[in-house]
Amino acid sequence: MGEMELLQENAERRACERISLGCRVRVELEGGLVLHGSTRDVSLGGLLLQSDQVIEGFPPGEIAMLFLLSDQGESVPFRCEAVRISTKYAGLKIDRKFAAKFGMELAKGRLFRC
């Protein structure tokens, strides 16, 4: 089974529907590591990050800050948690406290101008 299949396993347990959407993001981990990549899909509850960097030092359960990037700048940070990690993909769960703000960013169309 490939990396994508492993990350998408048990997708039916998600509380929020995901849509395919590619947007540039930056993820800042507590230890100072910064990951750059793009979303593969997003929902109000989380996203799948795809990166050209090898994703190391980001174990499941680790807390990070996610920034959505666009030509207009970057979004406010969203607290997230690593749920599933592979060498090139990270499944991130958005903290429920930030879900409404994340949804507003999606609704404003910010992501669609990435």
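Residues numbered from 1 in each chain as written. Predicted model: local features only at pLDDT ≥ 70, side-chain atom pairs only at ≥ 80, totals over all residues. Heavy atoms only, no water.

**Regarding the environment of Ile 94**
Counted only if it meets this: The helix count covers DSSP runs of H or I at least four residues long, the strand count covers runs of E at least two residues long, and both are numbered beginning at the N terminus. Note on classification: 1.4 Å probe, protein chains only; a residue is buried when its accessible area is under 20% of the maximum for its type, exposed when over 50%, partly exposed between these limits. Two residues form a contact once any of their heavy atoms are found within 4.5 Å.
Positionally, Ile 94 belongs in strand β8 (residues 89-94). Judged by relative accessible area, which is 3%, Ile 94 ranks as buried. Each C-alpha atom of the pair Ile 94 and Cys 80 lies 4.4 Å from the other, and the pair is 14 residues apart in sequence. For Ile 94, the contacting residues outside a window of four places in its chain are Leu 44, Gly 45, Gly 46, Leu 66, Phe 78, Arg 79, Cys 80, Ala 99 and Phe 102.

**Looking at the packing of aromatic side chains**
As a reminder of what qualifies: Between rings of Phe, Tyr and Trp, where Trp is taken as its six-membered ring, a pair exists when centres lie within 6.5 Å; planes separated by under 30 degrees are stacked, by over 60 edge-to-face, and by other angles tilted. Placement of a positive charge over a ring is assigned whenever Lys NZ or Arg CZ falls within 6 Å of the ring centre and within 35 degrees of the normal to the ring plane.
The tally for this structure, following the rule as stated, stands at 1 aromatic pair. Arranged with centres 5.2 Å apart and planes meeting at 85°, the rings of Phe 78 and Phe 102 form a pair that is edge-to-face. Of the two residues, Phe 78 sits in strand β7 (residues 78-85) while Phe 102 sits in helix α2 (residues 99-108), which places them 24 residues apart along the sequence. Its relative accessible area of 0% is what places Phe 78 among the buried residues. Lying over the aromatic face of Phe 67, Arg 26 brings its terminal NZ or CZ to 4.3 Å of the ring centre.

**Regarding the pairing of strand β2 (residues 24-29)**
Worth spelling out the cut-off: For two strands to be treated as a pair, DSSP must find no fewer than two bridges joining them.
The sheet contact formed by β2 and strand β3 (residues 34-42) spans 5 bridges and is antiparallel. By the bridge assignment, Val 27 is partnered in β3 with Leu 35. Count of turn residues in the β2/β3 antiparallel hairpin: 4 residues, of which Gly 32 carries a positive phi of about 100°. Note: β2 against strand β5 (residues 63-70), 5 bridges, orientation antiparallel.

**Thoughts on the side chain of Ser 51**
Convention followed: The definition of a polar contact used here is a pair of N or O atoms within 3.5 Å, where within protein one atom must be able to donate a hydrogen and the other to accept one, and adjacent residues in sequence count solely through side-chain atom pairs.
Among the secondary structure elements, Ser 51 is positioned in the loop between β4 (46-50) and β5. What makes Ser 51 buried here is its relative accessible area of 2%. Of the polar contacts made by the side chain of Ser 51, one reaches the backbone oxygen of His 36; its length is 2.7 Å. Residues contacting Ser 51, with those up to four places away along its chain left out, are His 36, Gly 37 and Lys 88.

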